[in-house]
Amino acid sequence: MPKITTDCPDCKPLLEKQQAIIDMLVKQVELLTARLEKVEREGKRQAAPFRKKRKADPKKPGRKSGEDHGKHHRRAVPEQIDETYDVPLPVCCPDCGHGELTKTETLVQFQTDIPRVVINRQFNIDAGTCCGCGSHVQGRHKLQTSDAVGAAGVQLGPNVHAAMALLNKELGLSHGKVKRLLEMLFEIRVSRSTSCRSMLRTAGRLEDAYAQVRRAVRGSPQVVGDETGWRVNGRGAWLHAFVGLTATCYEVDATRSIGPAERLLGIDWSGIFGHDGWAVYDKFTAATHQQCFAHLFRRCESLIESGTGGALAFPRGVKDLLLAGFEYRNRFRSDEMTAHGMKVMAGRLTMKMWKLVRHPKKHAANERFAKFLENHLDDLFTFLHRPGADATNWRGEQAIRPAVVNRKVWGGNRTEVGALAQSRIMSVMQTCKQRLADPFDFIRCQLTTTSPLALPLPIAAR
């Protein structure tokens, strides 16, 4: 861009100031243009989310040998041996072909493998009539998953149904891949529709367990919320996740609204609500909010990366105050600060943050960020006022991650009923894992009984 020149001595300072502003804006436009082009290029690459920066001189992969680098893992010897095979010497030496070999010792090797033998059960069910009311009565074995006989009398067992639920909802396999896996490993012939119907059947049995999960989340003193895009019958939807201290509840909803949170918690819920700053959560006026520090940090880094000159002072100042909050929390955890002292420092940090945001900002992005912080000053350092509260919504993001993997593999649900099954099964499985219980075992047991089972208790209550 050509320089502005003039021979007028009175106009020269003004033009120099304008030229400085123009140079700064040109530099900022060039920086943002380069950044936009980079983001657009990476977004078109299929492997962009999984791409890693390579080091110029990477270390050799794997564990280093020698006692100085720790004890290497060795698989334990099986406690029970089911099959034993004797392996004789070969008929001749594989190196020279000589036919005379002398046995010097017997070496031992162990192997653990997967059994492919399928168990086919037959239940001979006694049936009769009640002498009092005339009702039909038949017996039921603890391994039965249904009372159906006749045309529906050939069924899959509880282990198969529980395995299909975990393969589809936790490991992210589509119904077609679940079908292929059962055929390949266990020679069980099923169709894709069988896997789909199994999900609906399992979800029906978990209705009461899902209600228990919702009650546990509603009664939790702290809940973290998060949401991600979903698909139902090809249309856009949202998967909402709410993580309490001992339970996690999922709900697929057609809208990204306050509806799922209000139905689960109630608008008058008064616990600590951690989230990423989504505006609809502010409607929980009785709750104590905690804005996710990770999102605030990322916003600061973005402003620092794109800003120039004086526009850098504000995001750097906000970042320093956020880091100071973490520092006081770490000092409290190491017994270098009392809970009262941490609350005092929280008040001081809030006052410093208010002084940063109260004046209008010339940079538009800084002004938007300042308005957000000003509206949520009391929600920034809740984790300092309430020791033990999370400073980020990492629980919610960790709960959302498996669902995101599933969505990328098979796209979501085809029906509303499938979306409900998705919510129920994922909630029960995640809650079991959160309570250090085996979700496979709970689902298998629930499938073999007609009465609702209580979810495993949290560790502290056992």
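Identification of the protein as Transposase from Aporhodopirellula rubra is taken from an unreviewed UniProt entry.

A. Layout of the domain arrangement of the protein. Per the domain assignment, the segments making up the protein are domain 1 (198-289 + 393-448) and domain 2 (293-385). The centre of domain 1, based on its C-alpha atoms, is set 30 Å off from the matching centre of domain 2. Taken together, the contact between domain 1 and domain 2 spans eight residues of the former and six residues of the latter. Our count for the domain 1 to domain 2 interface comes out at one salt bridge. Of the charged contacts, one joins Arg298 and Glu397 as a salt bridge, the two residues approaching to 3.8 Å between their closest N and O atoms. Inspection of the region where domain 1 meets domain 2 yields two residue pairs in polar contact (both at pLDDT 80 or more). Residues belonging to the side of domain 1 that touches domain 2 are distributed by class as follows: one nonpolar, four polar and three charged.

B. Here's a closer look at the UniProt feature "domain: Transposase IS66 central" (unreviewed entry) in the protein. The UniProt record annotates "domain: Transposase IS66 central" (unreviewed entry) at residues 154-419. Taken end to end, residues 154-419 comprises 56% helix and 13% strand; its first and last C-alpha atoms sit 28 Å apart.

C. Molecular detail of a positive patch on the surface. Taken together, the side chains of Arg348, Lys352, Lys355 and Arg358 define a basic patch exposed on the protein surface. Tracing the sequence through the fold places Lys355 in helix α9 (residues 339-357). By relative accessible area, Lys355 is classed as partly exposed at 48%.

D. Spotlight on a nonpolar patch on the surface. A cluster of nonpolar side chains, contributed by Val77, Ile81, Val108 and Phe110, occupies part of the molecular surface with about 390 Å² of accessible area. As for its position among the elements, Phe110 is in the loop between α1 (12-43) and β1 (127-129). Judged by its relative accessible area of 41%, Phe110 is partly exposed.

E. Structural view of helix α7 (residues 293-306). Taking 1.5 Å per residue as the helical rise, α7 with its 14 residues ought to reach 20 Å, and the 20 Å between its terminal C-alpha atoms agrees with that figure. Of all the positions in α7, only Phe293, Leu296, Phe297, Cys300, Leu303, Ile304 and Ser306 are classed as buried.

F. Layout of the state of the cysteines. Within this structure, the stated rule accounts for zero disulfides. In this model Cys133 remains outside any disulfide bridge; the closest cysteine sulfur is found in Cys130, 3.7 Å from its own. Judged by its relative accessible area of 58%, Cys133 is exposed.

G. Main features of the environment of Leu457. With respect to the helices and strands, the residue Leu457 is situated in the segment after α14 (439-447). Taking the C-alpha atoms as reference points, Leu457 and Arg444, separated by 13 residues in sequence, lie 17 Å from one another.

H. Local environment of the side chain of Gln28. Considering the arrangement of structural elements, one finds Gln28 in helix α1. A polar atom in the side chain of Gln28 sits 3.3 Å from the side chain of His363. Once residues lying within four places of it in the same chain are set aside, the contact partners of Gln28 are Ser306, Thr308 and His363.

I. Structural context of the side chain of Thr145. Locating Thr145 in the fold gives a position in the loop between β2 (136-138) and α2 (158-169). Owing to a relative accessible area of 4%, Thr145 belongs among the buried residues under this scheme. Contacts of Thr145, omitting those with residues within four sequence positions, involve Arg140, Gln155, Leu156, Gly157, Pro158, Arg201, Arg205, Leu447 and Thr448.

J. Quick look at the packing of α2 against helix α13 (residues 416-434). It is the contact of α2 with α13, at a shortest axis distance of 11 Å, that shows an interaxial angle of 95°. Here α2 is positioned roughly perpendicular relative to α13, judged by the angle of their axes. Each of Ala165, Leu166 and Lys169 in α2 lies in contact with α13, whose residues at this interface are Gln422, Ile425, Met426 and Met429. Among the residues making up the contact of α2 with α13, the classes are represented as five nonpolar, one polar and one charged.

K. Quick peek at unusual backbone geometry. Unusually for a residue other than glycine, Asn233 sits at a positive phi of about 55°. Examined against the element boundaries, Asn233 turns out to sit in the loop between β3 (222-232) and β4 (235-243). With phi around 60°, Leu436 is a residue other than glycine that occupies positive phi space.

L. Structural detail: the packing of aromatic side chains. Enumeration according to the criterion identifies twelve aromatic pairs in this entry. With centroids separated by 6.2 Å and ring planes inclined at 90°, the aromatic side chains of Trp230 and Trp410 adopt a geometry described as edge-to-face. Separated by 180 residues along the polypeptide, Trp230 in strand β3 and Trp410 in helix α12 (residues 394-410) bring together distant segments of the chain. Between Trp269 and Phe273, the aromatic rings sit 5.9 Å apart at their centres with planes inclined by 85°, giving edge-to-face as the arrangement. Each member of the pair, Trp269 as well as Phe273, is classed as buried.

M. Layout of α12. The end-to-end C-alpha distance of α12 is 25 Å, a good match for the 24 Å that 17 residues give at a rise of 1.5 Å each. At Arg401, α12 shows its maximal bend, which comes to roughly 30°, and the proline Pro402 appears one to four places after that position. Gly396, Ala399, Ile400, Ala403, Val404 and Asn406 are the residues of α12 that are buried. For α12, the secondary structure elements touched by its buried residues are α2, β3, β4, β5 (248-253) and α13.

Procedures and definitions
- Residues numbered from 1 in each chain as written.
- Predicted model: local features only at pLDDT ≥ 70, side-chain atom pairs only at ≥ 80, totals over all residues.
- Heavy atoms only, no water.
- Domains from an automatic or database assignment.
- Contact = heavy atoms within 4.5 Å.
- Salt bridge = Lys/Arg side-chain N within 4 Å of Asp/Glu carboxyl O.
- Polar contact = N/O pair within 3.5 Å; in protein donor to acceptor, adjacent residues only side chain to side chain.
- Nonpolar A, V, L, I, M, F, W, Y, C, P; charged D, E, K, R; others polar.
- UniProt positions renumbered as here; feature names shortened; annotations may be inferred.
- Helix = DSSP H or I, 4+ residues; strand = E, 2+ residues; numbered from the N terminus.
- Patch = residues over 30% accessible without salt bridge, like charges linked within 9 Å, V, L, I, M, F, W, Y side chains within 5 Å.
- Areas by Shrake-Rupley, 256 points an atom, 1.4 Å probe, with all protein chains shown as cover.
- Lys, Arg positive; Asp, Glu negative; His and termini not counted.
- Charge placed at Lys NZ, Arg CZ, Asp CG, Glu CD.
- Buried < 20%, exposed > 50% of the residue type's maximum accessible area, 1.4 Å probe, protein only.
- Expected span 1.5 Å × (residues − 1).
- Disulfide = S-S within 2.5 Å.
- Axes fitted to C-alpha atoms, helices over the stretch in contact; angles between N-to-C directions.
- Parallel < 35°, antiparallel > 145°, perpendicular 65-115°, else oblique.
- Phe/Tyr/Trp six-rings, centres within 6.5 Å; stacked < 30°, edge-to-face > 60°.
- Bend = angle between axes of the 7 residues up to and from the residue.

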